[in-house]
Amino acid sequence: MRFTSTALGVFSLLGFSLPSVYAANATFFPLMNMTDSAGDLIQAHGGCIIQAGNGGGDWYWFGTDRTGQAADAHFEAVNCYKSADFSTWDFVGPVLTPIPNTNISNSSVLQRPKVLYNDKNSEYVMWWHADNADYSEAAVGVATSKTIDGKYEWKGNFQPFGNQSRDMTVWKDPDTQVAYLIYATNNNADLSIARLTDDYLNVSKTLYTFHGVYEEAPGVFKIDGKFYLVESPQNGWTPTNNAYYVASSMSGPWSKSTLLAPDTAYTYLTQNTYDIVINGTSQQFYLYLGDHWNGNQLATSSYAFYPVIHKGNSLSIHYTGGWTLDAATGVWTDLPYELITAKMSTTSRKTLVACGDGCAGGKAANMTSSTNFSFTWNGSAGAKVLQIVYTYPGPNNDFQQIGVTVDGKAAPGNALMESTLGTSFGQMAPFPVTLKKGSKVVLNLLDYDGTAFLVDAVRVYDSPTAAPPGY
Ligand SMILES: *[C@@H]1O[C@H](CO)[C@@H](O)[C@H](O)[C@H]1NC(C)=O
Ligand SMILES: *[C@@H]1O[C@H](CO)[C@@H](O)[C@H](O)[C@H]1NC(C)=O
Ligand SMILES: *[C@@H]1O[C@H](CO)[C@@H](O)[C@H](O)[C@H]1NC(C)=O
Ligand SMILES: *[C@@H]1O[C@H](CO)[C@@H](O)[C@H](O)[C@H]1NC(C)=O
Ligand SMILES: *[C@@H]1O[C@H](CO)[C@@H](O)[C@H](O)[C@H]1NC(C)=O
Ligand SMILES: *[C@@H]1O[C@H](CO)[C@@H](O)[C@H](O)[C@H]1NC(C)=O
Ligand SMILES: *[C@@H]1O[C@H](CO)[C@@H](O)[C@H](O)[C@H]1NC(C)=O
Ligand SMILES: *[C@@H]1O[C@H](CO)[C@@H](O)[C@H](O)[C@H]1NC(C)=O
Ligand SMILES: *[C@@H]1O[C@H](CO)[C@@H](O)[C@H](O)[C@H]1NC(C)=O
Ligand SMILES: *[C@@H]1O[C@H](CO)[C@@H](O)[C@H](O)[C@H]1NC(C)=O
């Protein structure tokens, strides 16, 4: 059954709210700014998303607040958001905040908060990477709460078995209730898996160590009794080729690692942060949550949700510019889009060059400060999301801003195009706009640094939500 926003309006006029069985489908545009139900930018980086207890009910998204941060990663808060269906997120509030003059003050580093429900003590246990500004503390922090939405009470920071711990995750096996810490140790060279104690407040035993791998950002999918340990190579905030190991037990033996995406794609400019198995009523579904870090402006880092395809013993991220998920059934689908290739556009013909990435139409617009990508929209009127398909052979991890003008009026905001060294992969940068039939759309580079962008095409998606005011 499909409810349009008009139908929803009628329901609220009648004075009753929709029961949760009418939960909406979630729509994802990877890398696009996400706002909560109050319209504020979601600040939940390096996060996790879990349901209360042992499943069922609302989803809770925990992550770090980086409001106002440039390159200065420091602890502001662990935020919590809540959703029935991944479609809209209500801001619950900060659930852990700095405590002056302690190891979790506002000058400490707190990253990758992860929350588990502990059956034994009927409480929620949060773990994170705890550090000081120069990363020499190299510890984990632990806090607990009787309710999922906090406040969480800090228990202390410590080094597992007295060893260093930096990037990490904790993960609970839903079948056995056994939980694990997976952490980078030994000066970041090793990735180690430890079993937690039954109360989830400490480590009890080392199960396996990958030596000399220099990996981070771990996460786990358990599918058909097999464990898939997802990880990223270490390269600061720069996107890397995320990969996974497979084993029949968390103690190993683990397979060699396999990439989750083509090796020129740098995991579509994301880094793994959490991996979710959704047992839908129609099918089991695998959800990848990645961070799209902007290391120069951490506050503007965004997120990417992608479907993960499981075949045999292999996983791959399904590359898409827009898709929907019915979290109740586990059924997902790519959204249709209209493709405006460079050849179809009204971009100056002089600007078109052959594209090395096999782009649709065979030509890309070579964009500098003096060349724009423009087109006339002939499709339906309404809220849209443009996914700008581009390659940018600039220096590693450089961000450039692209602005969009519709009928002579600049839309607020800018899409961030990121360069990755030595790749010609067609990445996407999203931008919300409102179009009408006949709208003249112009994309222009705002801060040309001497390296041209090649814009292959623009995908135009219908957006289920109106663009923010002014777009
Ligand atoms: C939700 O998505 C499913 C699967 O793609 C689709 O069959 C269904 O019609 C959608 N429901 C709504 C309310 O749009
Ligand atoms: C950090 O906390 C101290 C109080 O402990 C406060 O004076 C200071 O303004 C805070 N700094 C930031 C960046 O929030
Ligand atoms: C604070 O961090 C230090 C290491 O830098 C550690 O020895 C100490 O136990 C920590 N204290 C608390 C209360 O977490
Ligand atoms: C946590 O476990 C370690 C290693 O087993 C042990 O040395 C330490 O005392 C434990 N800490 C607490 C607070 O129980
Ligand atoms: C999903 O269902 C399978 C099969 O019943 C079960 O083994 C697994 O624990 C469930 N996963 C979650 C996350 O609840
Ligand atoms: C602690 O680190 C040392 C050095 O890397 C290693 O030999 C030892 O096995 C580690 N301890 C545990 C319990 O993992
Ligand atoms: C794009 O234009 C710039 C500046 O004119 C030029 O240096 C560069 O070679 C062009 N790129 C391609 C692929 O033609
Ligand atoms: C490119 O677009 C911007 C914004 O619409 C406009 O100011 C500029 O004049 C355009 N440049 C060219 C060469 O058309
Ligand atoms: C829109 O229609 C006009 C007039 O028919 C045409 O010139 C233009 O190429 C069309 N735009 C696209 C993107 O197809
Ligand atoms: C995304 O949010 C950031 C931070 O507020 C802003 O600078 C940027 O313009 C936004 N981008 C778009 C496309 O709205």
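Residues numbered from 1 in each chain as written. Chains lettered and ligands numbered in written order. Predicted model: local features only at pLDDT ≥ 70, side-chain atom pairs only at ≥ 80, totals over all residues. Heavy atoms only, no water.

The name that an unreviewed UniProt entry assigns to the protein is Glycosyl hydrolase, with the source organism given as Neohortaea acidophila. Recorded in UniProt under Sequence similarities (unreviewed entry), the annotation for the protein is "Belongs to the glycosyl hydrolase 43 family." (UniProt positions renumbered as here; feature names shortened; annotations may be inferred.)

Peer 1: How should I be thinking about the domain arrangement of the protein in this particular structure?
Peer 2: Frequently, the measure chosen for interface size is the accessible area that the parts lose on association. We note that the domain assignment places domain 1 (27–335) and domain 2 (338–462) within the protein. Between the C-alpha centres of domain 1 and domain 2 there is a distance of 32 Å. Contacts between domain 1 and domain 2 engage 25 residues on the former and 20 residues on the latter. Contact between domain 1 and domain 2 buries roughly 1,800 Å² in total, counting both sides, with carbon and sulfur atoms accounting for 60%. (Domains from an automatic or database assignment. Contact = heavy atoms within 4.5 Å. Buried area = accessible area lost by both parts, 1.4 Å probe.)

Peer 1: It is not clear to me how the layout of surface pockets should be interpreted in this structure. Could you clarify?
Peer 2: Roughly 930 Å³ of volume is contained in the second largest pocket. If you go around the second largest pocket, you meet 37 residues; those closest to its centre are Gln51, Asn54, Gly55, Trp59 and Val277. Sorting the residues of the lining of the second largest pocket by element identifies strand 2 (45–51), strand 6 (109–118), strand 10 (168–172), strand 14 (215–223) and strand 18 (271–279) as the ones contributing at least two each. Among the elements that make up the lining of the second largest pocket, the one with the highest residue count is strand 18 (six residues). Looking at the lining of the second largest pocket, its residues break down into 19 nonpolar, eleven polar and seven charged. (1 Å grid on protein atoms, 1.4 Å probe; cavity = no way out; pocket = protein on both sides within 12 Å on 5 of 7 lines; lining within 4 Å. Points joined across faces, edges and corners; volume = space filled by probe spheres on them. Helix = DSSP H or I, 4+ residues; strand = E, 2+ residues; numbered from the N terminus. Nonpolar A, V, L, I, M, F, W, Y, C, P; charged D, E, K, R; others polar.)

Peer 1: Can you help me understand the sheet that holds strand 15 (residues 226–233) in this one?
Peer 2: Each strand in a sheet pairs with another by means of backbone hydrogen bonds, the pair being arranged parallel or else antiparallel. One open sheet accounts for four strands, arranged 14-15-16-17; its pairing is antiparallel. Pairing within the sheet leaves two strands with one partner each, and these edge strands are strand 14 and strand 17 (258–259). Two strands pair when backbone bridges link them, and strand 16 (residues 243–247) and strand 17 are joined in this way by two bridges, in the antiparallel orientation. When the bridges of strand 17 are listed, tyrosine 244 appears paired with threonine 258. (Pairing = 2+ DSSP bridges.)

Peer 1: Quick question: what am I supposed to make of the packing of aromatic side chains here?
Peer 2: Each aromatic ring pair is summarised here by two numbers: the centre-to-centre distance and the angle between the ring planes. Within this structure, the stated rule accounts for 34 aromatic pairs. Each residue in the set Phe28, Trp59, Trp61, Tyr81, Phe86, Trp89, Phe91, Phe285, Tyr303, Phe305, Trp323 and Trp332 is aromatic and connected to the rest through ring pairs, giving one cluster. (Phe/Tyr/Trp six-rings, centres within 6.5 Å; stacked < 30°, edge-to-face > 60°.)

Peer 1: Explain the state of the cysteines here, please?
Peer 2: This structure, assessed with the given rule, holds one disulfide. The residue that forms a disulfide with cysteine 355 is cysteine 359, at a sulfur-sulfur distance of 2.0 Å. One disulfide, between cysteine 355 and cysteine 359, carries an S-S torsion of -90° and so falls in the left-handed class. The pair formed by cysteine 355 and cysteine 359 is uniform in burial state, with each residue classed as buried. Sulfur of cysteine 48: no disulfide; nearest cysteine sulfur belongs to cysteine 80 and is 8.9 Å away. Under the relative-accessibility criterion, cysteine 48 is labelled buried at 0%. Judged by its relative accessible area of 0%, cysteine 80 is buried. (Disulfide = S-S within 2.5 Å. Buried < 20%, exposed > 50% of the residue type's maximum accessible area, 1.4 Å probe, protein only.)

Peer 1: Would you mind going over the pattern of salt bridges with me for this structure?
Peer 2: Oppositely charged side chains can pair when the atoms bearing their charge come close. Going through the model one piece at a time under the given rule, you end up with nine salt bridges. We note a salt bridge from aspartate 462 to lysine 384, for which the minimum N-O separation is 2.5 Å. Taken together, the residues span a long stretch of sequence, with aspartate 462 in strand 34 (residues 453–462) and lysine 384 in strand 28 (residues 382–391) at a distance of 78 residues. When its relative accessible area of 48% is taken as the criterion, aspartate 462 is described as partly exposed. Two residues, lysine 436 and aspartate 407, come together in a salt bridge whose shortest N-O distance is 3.1 Å. Linking lysine 436 in the loop between strand 32 (427–435) and strand 33 (440–445) with aspartate 407 in the loop between strand 29 (399–406) and strand 30 (409–410), this pair joins segments that are 29 residues apart in sequence. If you follow the salt bridges from partner to partner, you end up with Asp173, Asp175 and Lys222 in one network. (Salt bridge = Lys/Arg side-chain N within 4 Å of Asp/Glu carboxyl O.)

Peer 1: Just to check I follow, could you spell out the environment of aspartate 65 for this structure?
Peer 2: With respect to the helices and strands, the residue aspartate 65 is situated in the loop between strand 3 (59–64) and strand 4 (78–83). Residues aspartate 65 and alanine 77 lie twelve residues apart in sequence; the distance between their C-alpha atoms is 5.4 Å. Non-local contacts of aspartate 65, meaning those with residues more than four positions away in its chain, are made with Gln43, Glu76, Ala77 and Asn79. Within the structure, aspartate 65 has its side chain in polar contact with the side chain of threonine 67 (distance 2.5 Å). (Polar contact = N/O pair within 3.5 Å; in protein donor to acceptor, adjacent residues only side chain to side chain.)

Peer 1: Explanation requested: the sheet that holds strand 22 (residues 323–326) in the structure shown.
Peer 2: In spatial order, the strands read 1-22-23; together these three strands make up an open sheet with antiparallel pairing. Whereas interior strands pair on both sides, the edge strands pair on one side only; in this sheet they are strand 1 (26–28) and strand 23 (331–334). Sheet twist, expressed as the mean angle between neighbouring strand axes with direction ignored, is 20°. (Axes fitted to C-alpha atoms, helices over the stretch in contact; angles between N-to-C directions.)

Peer 1: In this structure, what is going on with empty space enclosed by the protein? I would like to understand it.
Peer 2: Rolled over the atoms, a probe with the dimensions of a water molecule shows which regions are left empty. On inspection of all chains with the given rule, the structure shows three cavities of 30 Å³ or more. Empty space within the largest cavity amounts to approximately 50 Å³. Together, Pro30, Leu31, Tyr268, Tyr306, Tyr319, Thr320, Gly321, Gln387, Gln427 and Met428 line the largest cavity. Class assignment for the residues of the lining of the largest cavity results in six nonpolar, four polar and no charged.

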